[in-house]
Amino acid sequence: MWSEKYRPKDLDELLGNEKIQKQFLTWLGSWETGKSGLLIGPPGVGKTTLVHLSALKLGFNLIELNASDVRSKKKLELFFDPLLKNHNLFNQKNLILLDEIDGIHGRSDYGAVEFLIKIITNIGSPVVMTANSSTPKIKKLIKKSKVFHLTPISNDLIEKFLHSIVEKENFELDEDIIKQISDNSRGDVRSSLNDLQMHLLDSSSDVVNRDISISLEDSISNLFHSDTLDQAMLSLSLCNSPPHEKINYIFNILLNSTIKPDELHSTLESLSEIDIIVGQIRNTNDWRLLRYIDKLLALCIFINISKQNSLSMNANVDWNILLRMWNESPSIKQMATSFGKELHFSKRNFSMYYPYLTLILTDSKILSNVFEQLDLGDTQKNVFIKEYNRIKNK
């Protein structure tokens with residue numbers, strides 16, 4: 001992936017926001033206890049990269065956490081507790097990066113912001129946060145922080161950057177195409193580089209319009225129908241869905257495919273190993289490693305499945321329903337076991353019958369009797385009713 005190949009290795013290589021870069025580096029170099037840094041700006045302008053390169057330049061040991069994946073006070077306490085206890089154990093200068101702090105939201109975040117403010121005051125190491133926008137939910141953190149606003153990279157800068165990449169890769173590309181890619185980038189360097197690579201690998205493809213997101217379904221379909229590994233990787237990278245959703249969708253496609261048993265076995269084995277890696281990344285908070293997951297998923301398909309272009313893309317069950325089933329996993333598993341035993345189908349096939357069962361059992365008295373007979377409680381019944389209401393309101 002060119003977005004990785006040409007990732008800045010030094011602060012001098014970062015595009016745009018030069019004044020903010022210098023201000024942030026100066027602030028970090030003279031950091032004072034009790035004040036955090038907050039970088040606010042749209043995706044692809046180099047917020048996280050600026051923190052990484054500044055830490056490297058100033059000799060900090062960077063500890064990174066994606067705040068949107070650790071939303072509760074309890075989980076934040078688990079993350080920060082070792083840092084508070086072992087602050088000077090190895091005489092290291094630690095820099096703590098909380099990426100995507102604006103991802104904190106909802107009831108599960110009760111007390112999280114207040115806890116972070118307490119940490120910022122007492123931890124004895126600089127805490128730097130990033131956010132895409134100044135949302136009300138981080139208002140208290142903004143007051144506690146030195147804020148650095150990063151703006152979208154200008155089209156002219158992106159255009160010059162793309163020109164240099166085309167030359168380095170020994171390609172020829174029409175000036176109008178490069179301009180179109182830079183104009184469509186909306187100031188996002190990373191996305192413009194992905195678009196450039198996709199166009200050069202497949203000249204018949206249209207330039208991506210950044211106002212239109214690529215759906216998970218389209219991304220996975222392109223994965224299975226790509227002619228090259230690079231095309232497959234790009235298709236995955238242009239989809240914003242998190243890794244576990246991509247893995248689950250690929251899994252569903254494979255289970256409903258007609259590929260050879262030995263190929264299915266090896267592919268599912270590779271997919272399960274990738275799933276384990278994603279879990280380990282979440283446990284260790286080493287979020288930068290997530291950038292390699294798309295490549296691993298692409299390799300998983302290309303290495304294990306022959307003639308992948310002929311693979312059926314029939315998923316049988318609507319993806320949105322499947323996603324909700326995965327999110328409600330414990331209750332769904334209990335229902336799958338109970339209904340499957342009573343109606344003589346496997347737990348694996350429950351996903352196909354689930355939407356129809358919700359439409360059949362609409363009478364509240366009958367539903368209560370059925371769930372009582374199947375020894376299912378109110379938690380499972382509420383999940384069932386919620387799914388019926390979603391389908392009814394479509």
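Residues numbered from 1 in each chain as written. Predicted model: local features only at pLDDT ≥ 70, side-chain atom pairs only at ≥ 80, totals over all residues. Heavy atoms only, no water.

Asks: Would you mind going over the packing of aromatic side chains with me for this structure?
Replies: Centre distance and the angle of the planes are the two values used to describe a pair of aromatic rings. Tallying each qualifying case throughout the model produces 6 aromatic pairs. Between the aromatic rings of F339 and F384, the centroid separation amounts to 6.2 Å while the plane-to-plane angle is 15°, which identifies the pairing as stacked. You can see F339 sitting in helix α16 (residues 329-343) and its partner F384 sitting in helix α19 (residues 378-392), a full 45 residues away along the chain. A relative accessible area of 4% places F339 in the buried class. Plain terms: the ring middles of F371 and F384 are 5.3 Å apart, the flat faces sit at 70° to each other, and that makes the pair edge-to-face. Of this pair, F371 sits in helix α18 (residues 364-373) while F384 sits in helix α19; the two residues are 13 residues apart in sequence, bridging distant segments of the chain. For F371, a relative accessible area of 1% gives the class buried. (Phe/Tyr/Trp six-rings, centres within 6.5 Å; stacked < 30°, edge-to-face > 60°. Helix = DSSP H or I, 4+ residues; strand = E, 2+ residues; numbered from the N terminus. Buried < 20%, exposed > 50% of the residue type's maximum accessible area, 1.4 Å probe, protein only.)

Asks: Would you take a moment to explain the packing of helix α12 (residues 243-255) against helix α14 (residues 293-304) for this structure?
Replies: Between two packed helices, both the angle of their axes relative to each other and the distance between the axes serve to describe the pair. Where α12 meets α14, the closest approach of the two axes is 11 Å, and the angle between their N-to-C directions is 10°. With respect to each other, α12 and α14 are oriented roughly parallel. Contacts between α12 and α14 involve P243, K246, I247 and I250 on the former and, on the latter, I293, D294, L297 and I301. (Axes fitted to C-alpha atoms, helices over the stretch in contact; angles between N-to-C directions. Parallel < 35°, antiparallel > 145°, perpendicular 65-115°, else oblique. Contact = heavy atoms within 4.5 Å.)

Asks: Just to check I follow, could you spell out the pairing of strand β4 (residues 127-131) for this structure?
Replies: Looking along a regular strand, one sees the side chains alternate between the two faces of the sheet. Most of β4 is tucked away: 5 of the 5 residues are buried. With burial as the criterion, each face of β4 is covered, one bearing V127, M129 and A131 and the other bearing V128 and T130. Two strands pair when backbone bridges link them, and strand β1 (residues 36-40) and β4 are joined in this way by 4 bridges, in the parallel orientation. By the bridge assignment, L39 is partnered in β4 with T130. (Pairing = 2+ DSSP bridges.)

Asks: Could you clarify how one ought to interpret helix α11 (residues 229-237) in this entry?
Replies: Since the α-helix turns once every 3.6 residues, residues separated by three or four places project in the same direction. Judged by how many residues are buried, α11 sits mostly within the fold: 7 of 9 residues are covered. For α11, every residue scored as buried is listed here: Q231, A232, M233, L234, S235, L236 and S237.

Asks: Quick question: what am I supposed to make of empty space enclosed by the protein here?
Replies: Over the atoms rolls a probe the size of a water molecule, and its path tells where empty space is left. On inspection of all chains with the given rule, the structure shows 2 cavities of 30 Å³ or more. Taken as a whole, the second largest cavity encloses approximately 30 Å³ of empty space. Lining the second largest cavity, in full, are L14, L15, G16, N17, Q21, V45, G46, L50 and L150. (1 Å grid on protein atoms, 1.4 Å probe; cavity = no way out; pocket = protein on both sides within 12 Å on 5 of 7 lines; lining within 4 Å. Points joined across faces, edges and corners; volume = space filled by probe spheres on them.)

Asks: What's the story with the environment of K143 in this structure? I'm lost.
Replies: With respect to the secondary-structure elements, K143 resides in helix α6 (residues 139-144). In the structure, K143 is positioned 26 residues away from I117 in sequence and 9.9 Å away in space, judged by C-alpha atoms.

Interpretation in functional terms is not warranted from these geometric data alone.
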